Amino acid sequence: MRRLAAPFLALCLLASLAAASRAGDIEFTASVDQTTVGLGEQFQLVLSVRGEDMLSVPQPSLPAMTAIDVLGRSSSQSTNISFIGGQMKKEATVSFIYALAAKQLGKLTIPAATLSYQGRTYSTQPIELTVEKSPQGQATPMQGAPGGPGVPQTRSQIPLEGNLYLSVTASRRSVYVGEPIAIDIALYTRFQVENGGWAVVPTFDGFWNEKVFDANRFDFVRKTIDGRTFGVADLKRAVLFPISPGEATIKSMGFNVAVVQQSQSIFDMLGSTQSLRVDSKPITIKVLPLPEAGKPAEFTGGVGRFTLTGALDHTVTTNGEPVNLTVRLTGTGNLRMIEPPKLGLVPGLKILTPETKDDVRVEDGSVRGTKTFRFPIIPQGDGKFEVPAVTVAYFDPETKGYKKLSVGPFAFSASGSTTSAPVTEASGLKVLGTDIDYIKPDVTSLGQMSMDPPWWPNVMMLLSLGTVGLAVGYRSHSQRLQSDRGYARMSRSTALVKRRLKQAEQLLKKHDEKGFHAELSRALLGYLGDRFNLDTPALTRDQLRSALSERSVATPTIDALFEVVDRCEVARFSPEAASRDPRQLFDAARDVMARI
Amino acid sequence: MGPLAWLTVLALVLGPVQAYNEGNRLYAQKDYAGAVRAYEEALRAGHDPRAHYNLGNALFRTGKIGEAIVHYRRAYYLAPRDHDVATNLAFARAYRLDKSTASPSPLAHLADRTLRSLSRSEAALLAGVLFTLAGLAFSAWIVWRVRLLGFATGVCALLGLYAFLAQQLWAGEVAERPAVVVVPEVSAASGPGDEFKQVLLLHDGTEVRVRETRGEWALVQLPGGSGGWLEQSAIDRVY
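Per chain, residue numbering runs from 1 following the sequence as it is written. Labels follow written order: the first chain is A, the first ligand is 1, and so on. This being a predicted model, a pLDDT of at least 70 is required before a residue's local features are given, and a value of 80 or more before pairs of side-chain atoms are given or counted; all residues contribute to the totals for chains, interfaces and linings. The side-chain quantities take in all heavy atoms of the structure and omit both hydrogens and water.

1. Structural notes on helix α3 (residues 456-483) of chain A
Three or four residues apart is the spacing at which side chains of an α-helix point the same way, because the helix has 3.6 residues per turn.
Moving on, step 1. Labels follow the DSSP assignment, with helices taken as runs of H or I lasting at least four residues and strands as runs of E lasting at least two, numbered in each case from the N terminus. One less than the number of residues in a helix, times 1.5 Å, gives the span that helix is expected to have. Between its first and last C-alpha, α3(A) extends 41 Å over 28 residues, near the 40 Å set by a 1.5 Å rise per residue.
Moving on, step 2. Of the residues making up α3(A), those classed as buried are A:P457, A:S464, A:V468 and A:A471. Type-normalised accessible area, obtained with a 1.4 Å probe on protein chains alone, sets the label of each residue: buried when under 20%, exposed when over 50%, and partly exposed for intermediate values.

Structure representation (structure tokens):
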């Protein structure tokens, strides 16, 4: 039960809403004739009440406005009759027109106006205004010459039906894709019409639309149809090109006109007009597809009649500058819908996407002109080049067949091009993508490297630093040998003493005791002389002792020294009293020298 | 399991050269995963720039950009004058999700290029030899004072300085402890643990430096200075 109840309730609600809107429901709207107004300049606010079968409408209450002056008011009542699908719909509109002037610069808001009608309160939406210093120019609505030719009647004398209508005529009802259709929109009237404007602006969905004429004022021409005189005003003319096959519809369009009525009241300031809306009937166009049979590959969408021309702007180019190939398609047809022709790959040439220019005008209802394609061509090297012939195919609706046009080929020569890439490589060269380089080839041995650097170069460096130290030492030594006599003597002595000691040792081995002792003594004294820079042979024993003490040689060492010297002396002069142990004496001498 | 065991046997029996050549064969057959294993076997014995390069290629083919970058960088470290290595390293870097925004100044770039024409070992060797020669020439000059020796000292010392700077550049890079993110996506936290706030999202191949390690976690830093803690398994150290 509950499941059923909900939809049922909804249905009831809908029905009641529909009923409410039908029974005396009205529309209450507010509008201004311009939203940007000059300061102090008069503008119009229209509060209109629209509804079917309306009874008398009370005056709506205008809200209190501090920044806006009300200069005057008037009202107009009109019956709006529209014919849709042959049925007449009668609507009444009561307009309350207020002449207002703004007193402040900036943004202003006209608050909502309210209206009580049959126990209900309606309110309009607030309107935003911009008030400027200088009056803004505003597009004026179409103004007709009141009382156009042959239109003396006013509304009250004859019925509306058949005497006021919007006519839309198409030159053809069955066309190929891309074939032009001329559209003519005109207002036919037997009344005096004051002004008007589009209620539903004509749009042509599914068509490429080439504007021919747009009326900005009524320009009535007298025409007699079935013995009745009409004023006919062209409102719009256009040429349409269907884009895709199938059925295309030119939708119904609406036009509002103000028909002059006989003045009913002398107090009616703005005069009395009746605002009427007329709607046109939709028109269905049958669009035939272009035949697939025999459609050439070079077809680029052209339908009509064309001629083809083409030229290069230069036949010689230098420094790799581009030449331009201009291909022009001239004739009648859907020029704007034509795609650029395809130019094939040419070895050594880079053909860029073309620049397209349309130069189209409408003459006698047909669209004619020139479509220009400019292809920049960049030579990729030096030499003679040839751009092959350009072929364009189009469809001729008169013969119902395709036609081919050709122009070219075009030859030019290039020199001094900066791009040194060889022509063979440049022909259609395209970087398809980048990738990593390939792997290294097979090996017969692999390195077993270490991530750490070798250590021995550091050792080598330290050693070389050592040689620098040695060199410095040697250098200073050799310099001192030259400049310092004592140093030179000392450095000489070591070698001398060594030699004497060695000699002494040899003598000992030969059992030449006398020679041994003499040599040992000489070595010892010579060493002392060199060591302390003394002239030892010239010194007495005591002088030598005091000299050694002065040079801070320890007393026991001096004693040991003299002991060795004494024993040598004794041995030299009394061989029989020679030391019992010459070896021991030799060691003692060496020991003494080491201690000094 | 089969091919892996087989490869291990292969490496044991035939050695790194054969493993490397086997890797090349598998790579040519587009068995990149197999090639990766073979090259890894070849590298077990020691580093070789060619093996690192080829392994980088195989890893790149299997979509492991980060690991490929690690091996390309090792190959570059060992053979910096190899054009293929530099090309593929740049290529792999361009393939990353996280693009490096830091671009060095042209002068620094030139200096870097000049100094990095020597590998670290070459630079160390050259610096050692040249400084030794300079020392010897200087010693000889001290003793004999021949002008030619002084000139030789100067030349050797200057060249040695160049090699020394090159070596220092590499040493500085190694000391920075560079690493590469080797997982598709990882978020870095503000501390060494899952419970810390996630501060940075890193992707495969992003190059970072390891500033600190704590257990399983490593604090990494991007060249721009921002950084965070990652699990060490998400990155691979280059050197």
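There is more to say after this.
2. Some words on the pairing of strand β17 (residues 228-242) of chain A
All names here are of chain A.
Moving on, step 1. Extensive coverage of β17 is indicated by the burial of 11 of its 15 residues.
Moving on, step 2. We treat two strands as partners when DSSP finds at least two bridges between them. Bridge count for strand β13 (residues 181-189) against β17 is 9 bridges, and the pairing is antiparallel. Bridging across to β17, Y188 finds its partner in V232.
Moving on, step 3. Here strand β16 (residues 220-225) pairs with β17 via 6 bridges, running antiparallel. From the neighbouring strand, I225 faces β17, where its bridge partner is R228.
Moving on, step 4. From the end of β16 to the start of β17, which pair antiparallel, there are 2 residues, and D226 there has a positive phi angle of about 50 degrees.

3. Here we look at the confidence of the model for chain A
All names here are of chain A.
Moving on, step 1. Per-residue confidence for chain A gives a mean pLDDT of 75, with 81% of residues at or over 70.
Moving on, step 2. Per-residue confidence from the predictor is given as pLDDT, running between 0 and 100. The secondary structure element of chain A with the lowest average pLDDT is helix α2 (residues 423-426), at 39, and the one with the highest is α3, at 89.
Moving on, step 3. In this analysis, two residues are considered to be in contact whenever any of their non-hydrogen atoms come within 4.5 Å of each other. Under a pLDDT of 50 for its full length, residues 135-157 has, in the predicted model, 48 contacts with residues more than four places off or in other chains.
Moving on, step 4. Under a pLDDT of 50 for its full length, residues 418-428 has, in the predicted model, 11 contacts with residues more than four places off or in other chains.

4. A word on the packing of aromatic side chains
Moving on, step 1. Note on aromatic contacts: the rings of Phe and Tyr and the six-membered ring of Trp form a pair at centre separations within 6.5 Å, being stacked when their planes are under 30 degrees apart, edge-to-face when over 60 apart, and tilted otherwise. Tallying each qualifying case throughout the model produces 20 aromatic pairs over all chains.
Moving on, step 2. Ring geometry for A:F516 and A:F586: centres 6.3 Å apart, planes at 40 degrees, overall tilted. Note that A:F516 is positioned in helix α5 (residues 513-532) and A:F586 in helix α8 (residues 582-595), a separation of 70 residues in sequence.
Moving on, step 3. Among the residues examined, A:F516 registers a relative accessible area of 0% and is labelled buried.
Moving on, step 4. Over the face of the ring belonging to B:Y53 we find A:K440, whose NZ or CZ atom lies 4.9 Å from the ring centre.
Moving on, step 5. Over the face of the ring belonging to B:W170 we find B:R116, whose NZ or CZ atom lies 4.7 Å from the ring centre. By the criterion adopted, a ring carries a charge over it if an Arg CZ or a Lys NZ lies within 6 Å of its centre and within 35 degrees of its normal.

5. Remarks on the sheet that holds strand β18 (residues 246-250) of chain A
Residue and element names in this part refer to chain A.
Moving on, step 1. An order of β12-β21-β18 is seen for the 3 strands of this open sheet, with the pairing classed as mixed. Looking at strand neighbours, the two that pair on one side only are β12 (174-176) and β18, the edges of this open sheet. The sheet shows a mean angle of 35 degrees between the axes of neighbouring strands, taken without regard to direction.
Moving on, step 2. Sheet topology note: the β12/strand β21 (residues 283-288) ladder contains 3 bridges and is parallel. Bridge pairing in β21 places Y176 opposite L288. Note on definitions: angles span 0 to 180 degrees between N-to-C directions of axes, and those axes are lines fitted to C-alpha atoms, for helices only across the stretch in contact.

6. A short note on the interface of chain B and chain A
Moving on, step 1. Contact with chain B, which involves 47 residues of that partner, is made by 32 residues of chain A.
Moving on, step 2. Summed over both partners, buried area is the accessible surface (1.4 Å probe) that two parts give up on being assembled. For the chain B and chain A pair, buried surface summed over both sides reaches about 3,600 Å², with 65% attributable to carbon and sulfur atoms.
Moving on, step 3. The salt bridge criterion pairs a side-chain nitrogen of Lys or Arg with a carboxyl oxygen of Asp or Glu, the two atoms within 4 Å. For the pair chain B and chain A, the interface holds 2 salt bridges.
Moving on, step 4. Counted as a polar contact is a pair of N or O atoms within 3.5 Å, where, for protein atoms, one must be capable of donating a hydrogen and the other of accepting one, and residues adjacent in sequence contribute only when both atoms are in side chains. Along the contact surface separating chain B from chain A lie 18 residue pairs in polar contact (both at pLDDT 80 or more).
Moving on, step 5. Of all elements in the fold, only α1 (2-28), α2 (32-44), α3 (49-61), α4 (65-78), α5 (83-94) and α7 (120-144) of chain B reach the threshold of two or more residues within the side of chain B that touches chain A.
Moving on, step 6. Here the side of chain B that touches chain A gets 15 residues from one element, more than from any other, and that element is α7(B).
Moving on, step 7. The nonpolar class holds Ala, Val, Leu, Ile, Met, Phe, Trp, Tyr, Cys and Pro. Asp, Glu, Lys and Arg form the charged class, and all remaining residues, Gly among them, are polar. Considering only residue class, the side of chain B that touches chain A consists of 24 nonpolar, 15 polar and 8 charged.

7. Details of the environment of A:F207
Residues and elements named next belong to chain A.
Moving on, step 1. Looking at the secondary structure, you find F207 in strand β15 (residues 207-214).
Moving on, step 2. Given a relative accessible area of 7%, F207 falls into the buried group.
Moving on, step 3. As a C-alpha pair, F207 and I243 span 36 residues in sequence and 5.4 Å in three-dimensional space.
Moving on, step 4. Residue contacts for F207: discarding those within four places in its chain leaves I181, L240, F241, P242, I243, A248, T249, I250 and I285.

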